[in-house]
Amino acid sequence: MILTHRIELDPTEKQKEYFRQACGTARFVWNWALAEWDYRYELGANIAASEIKRYFNSIKYEAFPWLENIHRDAHARPFAALGKAWKAYFNGDVEGRPQFKKKGKCRDSFYVACDKFSTRGKTVRLPVIGTVKLREPLRFTGKIQSGTVSREADRWFIAIAVEIPQREVHPPRGEAVGIDLGLATFAALSNGEKVAAPKPLGKGLQKLRRLSRAHSRKQPGSHNCQKTALRLAHCHRRIGNIRRDFLHKFTTRMSKNHAEIFVEDLNVKGMVQNRHLSRAIHDVGWSEMRRQLEYKSHLDGSVVTVRDRFYASSKTCSACGYVMEVLPLSVREWTCPVCQTTHDRNVNAAINLKQNTVGYTGINAWGQEGSGLARPASETGLVEPGTLE
Ligand SMILES: [Zn+2]
């Protein structure tokens, strides 16, 4: 498995200058390749990223002599990245075609191949500029796959991808848990626990809105505009840190304490398109949670199972399997008309996710289709089938 550790760098002014140049180079090459791609497309020629790269390599030092000052990894990588971006576009995985990168408007980064750098304690040795200080040592041991240096406001980071060797792990002892993700509370667990999203997130978001309004009123390119842009970036980073910290603590607790974890397959992409929900979904970072849960459970030996999102986990009584006809979103608590169990909406959904009954599309004891609860009510001991009037 490949894990990435993103570490903040502590570069000297000279090193920062090189980073900026290398990012500029990567951006320049991307734009050059994209223009060439468009040109060839117009001509109806056959286009391959490797073909464009070969052509670029044959002319680059003559056409752009300043490239010699920047390590070649920074100018070699954008071709593969562009090829990938086009592929994603043609496969329908992303909406827009690859765009030209504008200085100050795009993510600044450049690539370093695995054999061109090495880490030692709290330092990393990079091509051309030598040793750069790291804020913390590399967390993972294994074969280094690649490195990407990137800028976030006025800070620099290196993301190091490491191949982790497969080792034997013993699954945690704790019982299975279902996690139902929500908007009001971050998550409800099948054991009844409710996990709230961190409070500072809300305050930070208010500040973010205020700053972005202020930023949009400033004259583009002015000193004031740059100043608010920096403050905005700081605010973004702070919110990102709070969220990351919260998610890491939550996912670690889950993967270390539960042998089996059941989550709902939320169609995050589909929901984000809904304007009202998008804000909240980005805030709680559901997809990030899934990503963390998956790699951590892999390391800790627990198993994550993703349940079908069409499964009526909220409307099905987790005690007897009866499916409610309607259960509006505003109803937070309800009582099953069959077995009289009172449910918290989200905890009930989490229990349903946990119970090994999901994905069942047959007919339950009450003749309801697609109930999801395969276990007949007679086995639950709560109610006999056919007793519902
Ligand atoms: Zn019931």
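*Asks:* Explain the coordination of the zinc ion to me, please; I cannot follow it from the model alone.
*Replies:* In ideal tetrahedral geometry, four donors around a metal make angles of 109.5 degrees, whereas ideal octahedral geometry with six donors gives angles of 90 or 180 degrees. Taken together, Cys317 (SG), Cys320 (SG), Cys336 (SG) and Cys339 (SG) make up the protein donors of the zinc ion, found 2.2 to 2.3 Å from the metal. Angles of 103 to 115° at the metal separate the four donor atoms of the zinc ion, which places the site in the tetrahedral class. Here the donor residues of the zinc ion are spaced in sequence according to C-x2-C-x15-C-x2-C. Taken together, the residues span a long stretch of sequence, with Cys320 in the loop between strand 12 (303–307) and strand 13 (333–335) and Cys339 in the loop between strand 13 and strand 14 (342–344) at a distance of 19 residues.

*Asks:* Can you walk me through the nonpolar core in this structure?
*Replies:* Across soluble globular proteins, nonpolar side chains show a tendency to be buried alongside one another. The biggest cluster of nonpolar side chains holds 28 residues, and the ones touching the most others in it are Leu9, Phe19, Phe110, Leu126, Val149 and Ile158. Taken together, the elements giving at least two residues each to this core come down to strand 1 (2–10), helix 1 (13–43), strand 2 (109–113), strand 4 (123–126), strand 5 (130–134), strand 6 (143–152) and strand 7 (155–163). Per-element tally for this core: the top contributor is helix 1, with five residues. Those residues within four positions of Phe19 in sequence are excluded, and the remaining contacts are Leu9, Pro11, Phe110, Leu126, Ile129, Val132, Val149 and Trp156. Judged by nonpolar contacts, the second largest core, of 17 residues, contains Leu247, Ile261, Val263 and Met289.

*Asks:* Got a minute to help me understand a nonpolar patch on the surface in this structure?
*Replies:* A contiguous nonpolar patch, built from Tyr89, Phe90 and Val94 and spanning about 280 Å² of accessible area, is present on the exposed surface. Structurally, the position occupied by Tyr89 is in helix 3 (residues 72–90). By relative accessible area, which is 30% here, Tyr89 ends up partly exposed.

*Asks:* Any chance you could explain the pattern of salt bridges here in plain terms?
*Replies:* Pairing between side chains of opposite charge can happen when their charged atoms approach one another. Scanning all chains against the criterion turns up 19 salt bridges. Glu8 is paired through a salt bridge with Arg155; the nearest N and O atoms lie 3.3 Å apart. In this pair, Glu8 is assigned in strand 1 and Arg155 in strand 7, connecting sequence segments 147 residues apart. Lys16 is the salt-bridge partner of Glu13, the closest N and O atoms lying 3.3 Å from each other. Of the two residues, Glu13 and Lys16 both sit in helix 1, three residues apart, roughly one turn of that helix.

*Asks:* I tried to follow the pairing of strand 7 on my own but got confused; where do I start?
*Replies:* In regular strands, side chains alternate between the two faces of the sheet. Where burial is concerned, most of strand 7 is hidden: seven out of the nine residues are buried. In this sheet, strand 7 lies alongside strand 6 in antiparallel orientation, the contact comprising nine bridges. Each bridged residue has a counterpart across the sheet, and for Ser150 the counterpart in strand 7 is Phe157. Where strand 6 folds back on strand 7, the antiparallel hairpin that results is connected by two residues, among which Ala153 adopts a positive phi of roughly 55°.

*Asks:* Would you mind going over the confidence of the model for the protein with me for this structure?
*Replies:* Close inspection of predicted coordinates is inappropriate in any region flagged by low pLDDT. Put simply, the protein has an average pLDDT of 83, and 85% of its residues get 70 or more. Within the protein, no element has a lower average pLDDT than helix 10 (residues 377–380), which sits at 38, and none a higher one than strand 4, at 96.

*Asks:* Is there a simple way to think about the sheet that holds strand 1 in this case?
*Replies:* Pairing in this open sheet of seven strands is antiparallel, and the strands run 2-6-7-1-5-4-3 from one edge to the other. Two strands bound the open sheet, and with one partner strand each, they are strand 2 and strand 3 (118–120). On average, each strand axis in the sheet is inclined to that of its neighbour by 35°, with strand direction left out of account. Note: strand 4 against strand 5, four bridges, orientation antiparallel. Bridged to Leu126 within strand 5 is Gly130. The strands that helix 1 touches are strand 1, strand 2, strand 4, strand 5, strand 6 and strand 7; relative to strand 2, the one it contacts most, it runs at about 95°.

*Asks:* Any chance you could explain unusual backbone geometry here in plain terms?
*Replies:* A negative phi angle characterises most non-glycine residues, just as the trans form characterises most peptide bonds. Phi is positive for Val128, close to 70°, though the residue is something other than glycine. Within the secondary structure, Val128 sits in the loop between strand 4 and strand 5. The exposure class assigned to Val128 is exposed, which follows from its relative accessible area of 56%.

*Asks:* Whenever I open this one, the side chain of Asn31 confuses me. Can you help?
*Replies:* Residue placement: Asn31 occurs in helix 1. Note on Asn31: relative accessible area 18%, which makes it buried. In this structure Asn31 touches Phe100 and Lys101, once residues within four positions along its chain are discounted.

Cut-off values and rules
- Residues numbered from 1 in each chain as written.
- Predicted model: local features only at pLDDT ≥ 70, side-chain atom pairs only at ≥ 80, totals over all residues.
- Heavy atoms only, no water.
- Donors = N, O, S within 2.8 Å, 3.2 Å for Na, K, Ca; no water.
- Tetrahedral: all angles 85-135°; square planar, octahedral: opposite > 155°, others 65-115°.
- Helix = DSSP H or I, 4+ residues; strand = E, 2+ residues; numbered from the N terminus.
- Core = buried A, V, L, I, M, F, W, Y, C linked by side-chain atoms within 4.5 Å.
- Buried < 20%, exposed > 50% of the residue type's maximum accessible area, 1.4 Å probe, protein only.
- Contact = heavy atoms within 4.5 Å.
- Patch = residues over 30% accessible without salt bridge, like charges linked within 9 Å, V, L, I, M, F, W, Y side chains within 5 Å.
- Areas by Shrake-Rupley, 256 points an atom, 1.4 Å probe, with all protein chains shown as cover.
- Salt bridge = Lys/Arg side-chain N within 4 Å of Asp/Glu carboxyl O.
- Pairing = 2+ DSSP bridges.
- pLDDT = per-residue confidence, 0-100.
- Axes fitted to C-alpha atoms, helices over the stretch in contact; angles between N-to-C directions.

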